[in-house]
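Here's the letter readout for the chains.
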Amino acid sequence: MEAGSIAVLIIVGLLIIIVSTCVQIVPQAHSYVIERLGAFKETWSVGLHFKVPFIDKVARKVNLKEQVADFEPQPVITRDNVTMQIDTIIFYQITDPKLYAYGVENPIVAIKNLTATTLRNIVGDLELDETLTSRETINARMRSELDVATDPWGIKVNRVELKNIIPPRDIQEAMEKQMRAEREKREQILRAEGEKKSAVLIAEGKKEAAILNAEADNRAAVLKADAEKQKKILEAEGEAEAILKVQQATADGIQAIKNAGADQAVLTIKSLEAFAAAADGQATKIIIPSDIQGIAGSVKALAEVIKE
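Below, the structure is looked at part by part. (Residues numbered from 1 in each chain as written. Predicted model: local features only at pLDDT ≥ 70, side-chain atom pairs only at ≥ 80, totals over all residues. Heavy atoms only, no water.)

**Details of the nonpolar core**
In terms of nonpolar packing, the biggest core is built from 29 residues, with I86, I90, L119, I138, M142 and L162 touching the most fellow members. Put simply, the parts of the chain that give this core at least two residues each are β8 (83-94), α2 (97-102), α3 (107-123), α5 (135-150) and β9 (155-166). With residues up to four places along the chain from it excluded, the contact list for M142 reads T88, T115, T118, L119, I122, V160 and L162. (Core = buried A, V, L, I, M, F, W, Y, C linked by side-chain atoms within 4.5 Å. Buried < 20%, exposed > 50% of the residue type's maximum accessible area, 1.4 Å probe, protein only. Helix = DSSP H or I, 4+ residues; strand = E, 2+ residues; numbered from the N terminus. Contact = heavy atoms within 4.5 Å.)

So this is what it looks like as structure tokens:
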């Protein structure tokens, strides 16, 4: 009885183990390739699945996420016979688990070798300078050719990048010298352009300063001339007004003498005094009318008679 119970327990345990191994849960972004008796049966997608024990088996578990393969540098010869080292990065994704499982023995190794040969073919048609400046073109051509070549393997190449392009040491030194010369050339050009602009600005500044100085001198001369003109006008007006006042005063004095009953001799003497006042000591010569000269002589003779 005890032996029978133990046997039953063993059988039940074995059945539980067998059933548990026949239940499979496929996680997200994965796919299982199922074979029955060594032949492909189906692919399982995400979810719960059951298989027949001892008949079905999981041949391959496939990751459907986008994956990255970083390949080591490969020696590549350009059209102008320059050997350089180029390493590439491949971004790929499995789109058909069945083709991926049965299309090629080792897909990653196959992609690596295919990448190396494709890169050599593309770069072999380019010269060194073209290779260094045509990364995008090389990337696009490699992605296109690799995508077509890996399609029978159930793999889609999404992107190809040239990670590093390493030319020989002597080429690197020559490129560095060339870059240094180009930088010095650009520096000299920029310095010359700066000096040219500075000279132009200085010349324009001097020109504007000369124009402003000339305009200022012209305005100063005009103002000075106006001031001199105004001064002369004021002086002439003052002199004219002074003469008018003197003449008016003389006329008023003569009129007063006449009103007082003075004779012709007194009037003549007053006229002479008026001439002397008009000259004011500034004139060196005074022209006296002949009649006044005669009267002056008579006055002198009369004075001598009185004196005797």
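There's plenty left to go through after this.
**Observations regarding a nonpolar patch on the surface**
On the surface, I6, I10, L14 and I17 cluster together into a nonpolar patch covering about 390 Å² of accessible area. Topologically, I17 is positioned in helix α1 (residues 2-22). (Patch = residues over 30% accessible without salt bridge, like charges linked within 9 Å, V, L, I, M, F, W, Y side chains within 5 Å. Areas by Shrake-Rupley, 256 points an atom, 1.4 Å probe, with all protein chains shown as cover. Salt bridge = Lys/Arg side-chain N within 4 Å of Asp/Glu carboxyl O.)

**Section: α5**
Because each turn of an α-helix spans 3.6 residues, side chains separated by three or four positions in sequence point in the same direction. The terminal C-alpha atoms of α5, which comprises 16 residues, lie 22 Å apart, in line with the 22 Å expected from a rise of 1.5 Å per residue. Turning to α5, its buried residues number three or more, namely I138, N139, M142, L146, D147 and T150. Angular distribution of buried residues about the axis of α5 spans 155°; they occupy a single face of the element. Turned more than 90 degrees from where α5 packs its buried face, E136 and V148 sit exposed. Residues of α5 that are buried in the fold lie against β8, α3, α4 (128-133) and β9. (Expected span 1.5 Å × (residues − 1). Arc of directions from axis to C-beta.)

**Thoughts on α3**
The first and last C-alpha atoms of α3 sit 24 Å apart over 17 residues, in line with the 24 Å expected at 1.5 Å per residue. Of the residues making up α3, those classed as buried are P107, A110, I111, T115, A116, T118, L119, I122 and V123.

**Thoughts on unusual backbone geometry**
Of note in the backbone geometry, F54 takes a positive phi value of approximately 70° without being a glycine. Structurally, F54 is set in the loop between β4 (47-50) and β5 (56-63).

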